[in-house]
Every structure is written in structure tokens, then in C-alpha cells.
Amino acid sequence: MTFAFPEGFRWGTATAAYQIEGAATEAGRGPSIWDTFSRMPERVYAGHTGDVACDHYHRYAEDVALMRELGIGTYRFSVSWPRIKPDGTGPANPRGLDFYDRLTDELLAAGIEPMLTLYHWDLPQTLEDRGGWANRDVAHHFADYAITVHKRLGDRIGLWTTLNEPWCSAFLGYAVGVHAPGRSDVSSALAAAHHLLLAHGLATSALRAAGATTVSLTLNLAPVVPADPSDALENDAADRVDAMLNRLFLEPVFKGGYEPYALDMLERRAPGGLVRDGDQELIAQPIDLLGINYYHPCLVTARPGTPENPVYPGSDGVDFRPAMGKTTAMGWPIEPWGLTDLLERLHRDYPGVPLIITENGAAFDDVRVDGGVADHDRVAFLEGHLRACHDAISRGVDLRGYLVWSLLDNFEWAEGYRKRFGMVHVDFDTQLRTPKESALWYSKVIARNGL
Ligand code: IFM
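In what follows, the accompanying structure is described. Quantities reported herein were computed from a predicted structural model and do not represent experimental measurements.

## Observations regarding the packing of aromatic side chains
Each aromatic ring pair is summarised here by two numbers: the centre-to-centre distance and the angle between the ring planes.
Right, so step 1: Overall, the coordinates contain 34 aromatic pairs when judged by the stated rule.
Right, so step 2: Consider the rings of Tyr18 and Trp413, whose centres lie 6.2 Å apart with planes at 15°: the pair is stacked. Of this pair, Tyr18 sits in helix α1 (residues 17-20) while Trp413 sits in the loop between β13 (399-405) and β14 (424-427), and the two are 395 residues apart along the sequence. For the pair Tyr18 and Trp413, one class covers both residues: buried.
Right, so step 3: Three or more aromatic residues link up through ring pairs in this structure, and these residues are Tyr18, Trp34, Phe37, Trp121, Phe411, Trp413, Tyr417 and Phe428.

## Notes on the sheet that holds strand β10 (residues 355-360)
Right, so step 1: Read around the barrel, eight strands follow the order β1-β2-β3-β4-β5-β7-β10-β13 and close on themselves; strand pairing throughout is parallel. Across the sheet, the mean angle separating the axes of adjacent strands is 25° when strand polarity is ignored.
Right, so step 2: Of the pairings in the sheet, the one linking strand β2 (residues 74-78) to strand β3 (residues 113-119) comprises five bridges and is parallel in character. By the bridge assignment for β3, Tyr75 is matched with Pro114.
Right, so step 3: Contacting β3, β4 (159-164) and β5 (214-220), helix α9 (residues 186-209) crosses the sheet at an angle of about 165° to β4.
Right, so step 4: Sheet strands in contact with helix α15 (residues 437-448) are β1 (10-14) and β13, and its direction is about 155° off that of β1.

## Thoughts on the site of the ligand
Right, so step 1: Around the ligand sit Gln19, His120, Trp121, Asn164, Glu165, Tyr295, Trp332, Glu359, Trp405, Glu412, Trp413 and Phe421, and those are all the residues in its vicinity.
Right, so step 2: For the ligand, a nitrogen atom lies 2.8 Å from a polar atom in the side chain of Glu165.
Right, so step 3: Glu412 is positioned such that a nitrogen or oxygen atom in its side chain is 2.6 Å from an oxygen atom of the ligand.
Right, so step 4: For the ligand, whose accessible area on its own is 280 Å², the fraction buried by protein is 94%.
Right, so step 5: In a pocket analysis with a 2 Å cut-off to the grid points, the ligand is assigned to the largest pocket.
Right, so step 6: Its residues assigned to classes, the shell around the ligand comprises six nonpolar, three polar and three charged.

## A word on empty space enclosed by the protein
Right, so step 1: In this structure the tally under the stated criterion is three cavities of 30 Å³ or more.
Right, so step 2: The space that makes up the largest cavity amounts to roughly 50 Å³.
Right, so step 3: If you go around the largest cavity, the residues you meet are Ile33, Trp34, Tyr119, Trp121, Trp133, Cys168, Ser169, Tyr174, His179, Ala180 and Pro181.
Right, so step 4: Elements with a contribution of two residues or more to the lining of the largest cavity: α2 (33-37) and α8 (166-175).
Right, so step 5: It is α8 that contributes the most residues to the lining of the largest cavity, three residues altogether.
Right, so step 6: Of the residues that constitute the lining of the largest cavity, the class distribution is nine nonpolar, two polar and no charged.

## A look at the pattern of salt bridges
Right, so step 1: Enumeration according to the criterion identifies 35 salt bridges in this entry.
Right, so step 2: With a closest N to O distance of 2.9 Å, Arg136 and Asp279 form a salt bridge. Taken together, the positions of Arg136 in the loop between α6 (125-129) and α7 (137-153) and Asp279 in helix α12 (residues 279-283) put the pair 143 residues apart, joining distant regions of the chain. Take Arg136 and Asp279: they sit in the same class, and that class is buried.
Right, so step 3: Across the salt bridge formed by Arg348 and Asp349, the nearest N and O atoms sit 3.4 Å from each other.
Right, so step 4: The exposed category is assigned to Arg348, whose relative accessible area is 57%.
Right, so step 5: Each of the salt bridges in this network shares a partner with another, and the network as a whole consists of Asp239, Asp242, Arg247, Glu259, Arg345, Arg348 and Asp349.

## Concerning the side chain of His385
Right, so step 1: Summarising the element assignment, His385 is placed in helix α14 (residues 376-394).
Right, so step 2: Here the side chain of His385 touches Phe381 through a polar contact of 2.8 Å, landing on its backbone oxygen.
Right, so step 3: Contact partners of His385, with chain neighbours within four places excluded, come to Tyr294, Tyr295, Ile334, Glu335, Pro336, Leu339, Asn360 and Tyr402.

Criteria and cut-off values
- Sequence order sets the numbering: in each chain, residues are counted from 1 along the sequence as written.
- Local features in a predicted model are, by the rule used here, given only for residues with pLDDT of at least 70; side-chain atom pairs are given and counted only at 80 or more, and totals for whole chains, interfaces and linings are based on all residues.
- Side-chain calculation: all heavy atoms of the structure are included, whereas hydrogens and water are not.
- Only centres within 6.5 Å qualify two rings of Phe, Tyr or Trp (six-membered ring in Trp) as a pair; their planes then separate them into stacked at under 30 degrees, edge-to-face at over 60, and tilted for everything else.
- Helix and strand definitions follow DSSP, with helices as H or I runs of at least four residues and strands as E runs of at least two, each counted in order from the N terminus.
- A simple rule labels every residue: compare its accessible area, found with a 1.4 Å probe on the protein chains alone, to the largest value its type can have, and call it buried under 20%, exposed over 50%, or partly exposed in between.
- Strands are treated as partners if at least two bridges between them are detected by DSSP.
- An axis is simply a line fitted to the C-alpha atoms; with a helix, the fit covers only the stretch in contact. Between two such axes, the angle follows the N-to-C directions and lies from 0 to 180 degrees.
- We call two residues in contact whenever any of their non-hydrogen atoms come within 4.5 Å of each other.
- For this purpose, a residue is taken to be near a molecule or strand whenever a single non-hydrogen atom of the residue falls within 4 Å of it.
- Pairing of N or O atoms within 3.5 Å defines a polar contact, subject to two protein rules: one partner must be a possible hydrogen donor and the other a possible acceptor, and residues neighboring in sequence count only if both atoms are side-chain atoms.
- Computed with a 1.4 Å probe, the accessible areas rest on the Shrake-Rupley method; for each residue, only the protein chains presented here act as cover.
- Only protein atoms enter the 1 Å grid, on which a cavity is a set of points fitting a 1.4 Å probe that cannot get out and a pocket is an open set with protein on both sides within 12 Å along at least 5 of 7 lines, lining residues being those with an atom within 4 Å of a point.
- The rule for placing a molecule in a cavity or pocket is simple: more than half of its atoms must lie within 2 Å of the grid points.
- For this scheme, ten residues count as nonpolar: Ala, Val, Leu, Ile, Met, Phe, Trp, Tyr, Cys and Pro. Four count as charged, namely Asp, Glu, Lys and Arg, and the remainder, Gly too, count as polar.
- Grid points are joined across faces, edges and corners, and a volume is the space filled by probe spheres set on the points.
- Any carboxyl oxygen of Asp or Glu that lies within 4 Å of a side-chain nitrogen of Lys or Arg is treated as forming a salt bridge with it.

No statement about biological role is implied by the geometric values presented.
Listed below in C-alpha cells is the structure:
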């Protein structure tokens, strides 16, 4: 074997509630912002919704059995807040908790370690009606919800993640409206970013007080690469994007506070008094693991006069370069070196924080061959990124695991079901699951603990 991974390395896969569960109105679940958004005209491809999705709510046992057959060691799933608290606050809906209880037991019985994410973008609609993440109160409601889930599952779940990709929730949801709730207002997005971080801090300390031993946060991070690294203007362009994509979240969590640039942005462009005394201390709760979702680097160049891209406040004069080489079906560049760079940077800038890849994967237009799915592109993608992880580990990075996005083809947000990220093909008419070549390949990687 050429690329052996450390003993105890976690091999797994990930999904999210709204993308796979379906059963949108079952057992007392309330509506989420994605139920509303997907019904707005022309927001989601072809009017697709998560109403049925992969019907995982009813087929979870079959999906767990599939994972067991593949040898999956860790399964990262998210809990639907509106299933647990249909109005976002108030008493728990026991039938909602029952589902995750059954899922957890099924996973444990199959020898699969559950990793639970509390928020993967499906805010209860009633909370959005009260201002959503731009309203500070939501952070406190989130901590209450976290404790409700912990009370029921804390005896069996060892790995807790507060938020998935708060940058996406804040900026894709509130600055440009390509995701739910579909608002286009930079100041609300900045408020949302701060309140998401606050929610993370409040939930982390509440979970810790309740006895959780491993608490993590998952961020979508990417190296921001200037076209000409020897040019000062180019570096400044890259630095301003990096400040809002990466450091806006990393610095307050790991360094005790926002950088002056980010703090200034939050105070100047968001409604007054956003960052209150004590907030930064709350956000800086120690965590045990940082989850990284890596898909591709962000390529930029300085072009004076270019208007700000609202998802990166302060990015005026920055142009976003298209991919040069091979891309996935999302049009994202395939650049595994970006993952090694990112891991090394995190190891250097935030030493002592164990890392785990909580998502990496790709959408491709799969080719069906004799009833099977020959997704050679996905195999090559995963193999390239696993080598990138191995490189980082051999340079001293404390990387504890790798989870493929995703187990199943699923509801890819604004792209609906047309972009397929799964290692397992889903026929959305019949709900038939067919492991693709990548699933079989990954299974062998897991068995060998390496490539
Ligand atoms: O499908 C998403 C997931 O929900 C969050 N991270 C990126 C994936 C691919 O776009």
C-alpha cells in the first residue's frame, strides 16, 4: 500500500436532514425556511422540494444497512430543528426526537459511530418570520434546542457539531438570496454571521455543561489564491476575501476575537450595536475538533472598479476567476492541492486543534453501465483528495478523519435533484439505491485504511 493512514483514522460519509429525509409534514414536523424557499417561483431548479427527497425518514434502516455493508465507520447526519421544535422554541416534539433515537440506535447496532450536526440550514420558518438569523434571539433559541437534543441522545452520541457552514447560511441566505431564506441585504447577512457564531458559542457551552465531551464546528473553508502572488494589489484582493470567507469564523473561535478588519465591517455595515460586550468571549469557547468542508479553492484577481461581491463584504475591486482546468458538474475546479494547503495553514495558524474533513466530494453526471453506475470521475476526485490529506498528515497535520459528501444522491439545494453528489445512486421515482463504483472503491479504501 502506498498511502497508509494513521491507526484510528475515521472513515465515513455525511448527509443533511433536509437533503435526504423527506416526510416534510410527518410526525409533527413544522415548516423550515427551505420548505418555504423551495416553493418560491424560480428559486430552486424545476420547482424541486425536499418533501420526499430520499425518503430516508422511512428508509433509514435500509440506508444504515448499506453503510454497514460498505464498512462506513462514522456517519455524519443532521437533525432537523423544525422536527424537534416545530415553532423553533417551546416544548419538544417527542415524535421528532423519536426518529433520531431510532436512527442512532440503528447506527450503533451496525457498529457505526454517529456524528450529529445540530444545524444544517433548515431554520424553523416561524423563527425566520421573527427576523431569522439577523435576530439575536435566535442564537438563544438554538442553544435551547441543542440542549433538548442532547437530553434525548447525549447518552449515545459522542460527536456533536453545532453548525454546518455558517458562511453559507449567512451570506448565501441573507446577502444574495440564492439559498433560503432568500434575502438580499448585506447588513442582515453580517448580523446573521455574528448571531450564528454566537449560537455556536452558546450551544457549545450548554452542551459542555450537559456533559458532551467532543464538540465541534464545521466550516466551509478554502484557500483564496491571487492570480499573481508577487503583486501587492493581488495579495490585498485575496486577503480581503479570505478575511470574510475564512478568518471571519476562524479568528473569533480560535483566537478569542474578530480581527479589526472584520469587527469594523460588522460594526459599520450591520445594524448598530451588533457585537455586544462579552459576545466574543462566548464565541471563543474551546472546541475539540474543527470540521472542514473543502470543495475547491477560491481564485481571485485584482480588477479596480469591480463592484463588491455581496457574499464577501469589502471585496470591491476583486474579480473572481473561472476555473482553468477540469471541473465537476457544479463547474467547480478540481484542485486537491488546495486541501493540502488549507490543512497546513490551519495547522500553522491554529495549532493544537484536531481537524476532520466533514465533507469532500463532487457532483458528476453519472454514467450507467449494465445496471451499475461507473462514476470514474468521482473515484479520481476522491483519490486525489485523499492523497492530499495524506500529504498533509505526513507534514505533521493532526487530521483525524475523512467523510465523503455524500452517501446518497440528494436534494442539492438550489440545484434540486439534478446534481448528484452520492456514492450511492438514488432513483427518485422508485427510491431504489444502487451503490456506484465509488462506493465500492471507498469500501476497499476503508478496509485497507489507505490507498
Ligand atoms: O450539498 C452541500 C452540503 O449541504 C453542504 N456543503 C456543500 C454540499 C455540496 O454543495
